[in-house]
Amino acid sequence: MDTARVKEFLLELQDLIVQRLEQVDGKPFRRDAWERPEGGGGISRLIEGGNVLERGGVNFSHVMGERLPPSASAHRPELAGRRWEAMGVSLVMHPRNPYAPTSHMNVRCFVAHAPAGGDPIWWFGGGMDLTPYYGFEEDATHFHSMCRRSLDPFGADYHPRFKQWCDDYFFLKHRNEPRGVGGIFFDDLCSLPSPAGGGAGGEGATPTMRDASFEHCLNLIESVGDHFLPAYVPLLERRADLPYGERERDFQLYRRGRYVEFNLVFDRGTLFGLQSGGRTESILMSMPPEVRWRYDWHPEPGTPEARLYTDFLRPRDWLGEAGA
C-alpha cells in the first residue's frame, strides 16, 4: 500500500486542474496552505469574482486522527480504536453565467491503521457530477460520455453501477428531486467485503467492489480525476459567454439553494470534515457565493425553467445503456 504515491497524484491533479481553469477564466486562483491542529493539513486553491467562475475551489487535504467521527464509525464499527488518515482532492465550480453548469469532483483515499502493526484497512472513493440550471442535452451527454470513458478500462459493469449510485446519492429526499443530471459516484472501493447492510453509502448503496487490489483502485481514481477537465471544460467554454438577463440569473440563484441544502443536510464529505475537526473555510468552499430561496415557488409550464424539471431532473439513460 503506497500512500505516498496517492498523495503525489493528488497534488499533481490539483495543480493540473487549477492551471487549466486559470486559462479558462483569465484570473489566478488564490493559494492557501493550512495545518490542522489534530494532525495533517492541506492546500486550498480558490477563485472568487472571476471572469467565468463566480466562485471555484480545488481543495487538497491530508488529515489524520486517533478516533473516527460518528459519520464514519457508524458505517464501519470494525474501525473502532484505529488511527486513521484521509487524503483527497475535492472541487466545486460555480460559473457566473446561468447557462453554464455547476460541477463537482472528488477523489479520495482512507486508511485505518491496525494496532500493533497489523494490516491496515483502506478504501477509495470519488466521482463527479453535473448540476445545470438550464438544460442542454448535448452537455449532459458529453459529461456522461467522459464519465463512462474514465471507467471503461476497468470493466464494463463499472459505469452503469457508478452512474446509478450517483443518481441515488445526489438526491434531495426532502425535495424528492435529484440535485442535477448526475455522473458517477463510488465509495468503499477496496479489497474487503461490504459492511453489514450494504456499502458505506448507506441503505441501498452499491456494494463494495470486492477483491480489488490497491493498484487497481488507485489506477481507477487516477482515471476519474484525469477525465474531469475533458468532461467539464468544454461545457464551461461553450456556455460562459451566452447572453442572459435578470430572469436567468434569478433562477440560477434559486436553484443554487438546492446545492446548499444537499451539502449541509446529506453530503457525507461535509459531515465528516466538520465532525473530524476539519478546516471550516476549506470544507465550506463548495458553497455558492450568492443564493436565493422562495416560498413554494414553481416555474410556469412550458418555460425553459420548467423544462429543467421535466426533462433533466429525472432519471435518464443519457448514453443508451439500458439493457446493454
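One can find the structure itself at the top, above this paragraph.
Below, the structure is looked at part by part. (Residues numbered from 1 in each chain as written. Predicted model: local features only at pLDDT ≥ 70, side-chain atom pairs only at ≥ 80, totals over all residues. Heavy atoms only, no water.)

Observations regarding the overall build of the protein
Point 1. Across its full length, the protein carries 10 helices and nine strands.
Point 2. Within the protein, buried positions represent 56% of all 324 residues.
Point 3. For the protein, contacts bridging at least 24 residues in sequence account for 71% of all contacts bridging at least 6.
Point 4. By element, 51% of the accessible surface of the protein is carried by carbon and sulfur atoms, the whole surface being about 14,100 Å². (Helix = DSSP H or I, 4+ residues; strand = E, 2+ residues; numbered from the N terminus. Buried < 20%, exposed > 50% of the residue type's maximum accessible area, 1.4 Å probe, protein only. Contact = heavy atoms within 4.5 Å. Areas by Shrake-Rupley, 256 points an atom, 1.4 Å probe, with all protein chains shown as cover.)

So, the nonpolar core
If you look at soluble globular proteins, the nonpolar side chains tend to sit buried side by side.
Point 1. If you look at the biggest cluster of nonpolar residues, it comprises 82 residues, and the most contacted ones within it are Ile17, Val107, Phe124, Met128 and Leu220.
Point 2. Ranked by residue count, the leading element in this core is helix H1 (residues 3-25), at eight residues.
Point 3. Once residues within four sequence positions are removed from consideration, Ile17 is found in contact with Val58, Leu91, Met105, Phe228 and Leu229. (Core = buried A, V, L, I, M, F, W, Y, C linked by side-chain atoms within 4.5 Å.)

Some details on the pairing of strand E3 (residues 53-65)
Point 1. Burial within E3 is extensive, with 12 of its 13 residues counted as buried.
Point 2. Pairing geometry for strand E2 (residues 40-48) and E3, over nine bridges, is antiparallel. Its bridge partner being in E3, Gly42 is matched across the sheet by Ser61.
Point 3. Where E2 folds back on E3, the antiparallel hairpin that results is connected by four residues, among which Gly49 adopts a positive phi of roughly 70°.
Point 4. Sheet analysis places E3 next to strand E4 (residues 83-95), joined by 12 bridges and oriented antiparallel. By the bridge assignment for E4, Val58 is matched with Leu91. (Pairing = 2+ DSSP bridges.)

Regarding unusual backbone geometry
Point 1. Positive phi values are uncommon outside glycine, yet Asn176 reaches one of about 55°.
Point 2. Within the element layout of this structure, Asn176 appears in the loop between strand E7 (171-172) and strand E8 (177-178).
Point 3. Given a relative accessible area of 62%, Asn176 falls into the exposed group.
Point 4. Backbone geometry at Asp188 places phi at a positive 55°, although glycine is not the residue there.

Topic: the sheet that holds strand E1 (residues 30-35)
Point 1. On the basis of which strands lie adjacent, the open sheet formed by seven strands has the order E1-E2-E3-E4-E5-E6-E9 and antiparallel pairing. Looking along the sheet, the strands with just one partner apiece sit at the ends: E1 and strand E9 (182-189). In this sheet, adjacent strand axes meet at a mean angle of 5° when their direction is disregarded.
Point 2. Inspection of the sheet shows E1 paired to E2 by six bridges, in the antiparallel sense. Each residue of the ladder has a partner; that of Asp32, found in E2, is Ser44. (Axes fitted to C-alpha atoms, helices over the stretch in contact; angles between N-to-C directions.)

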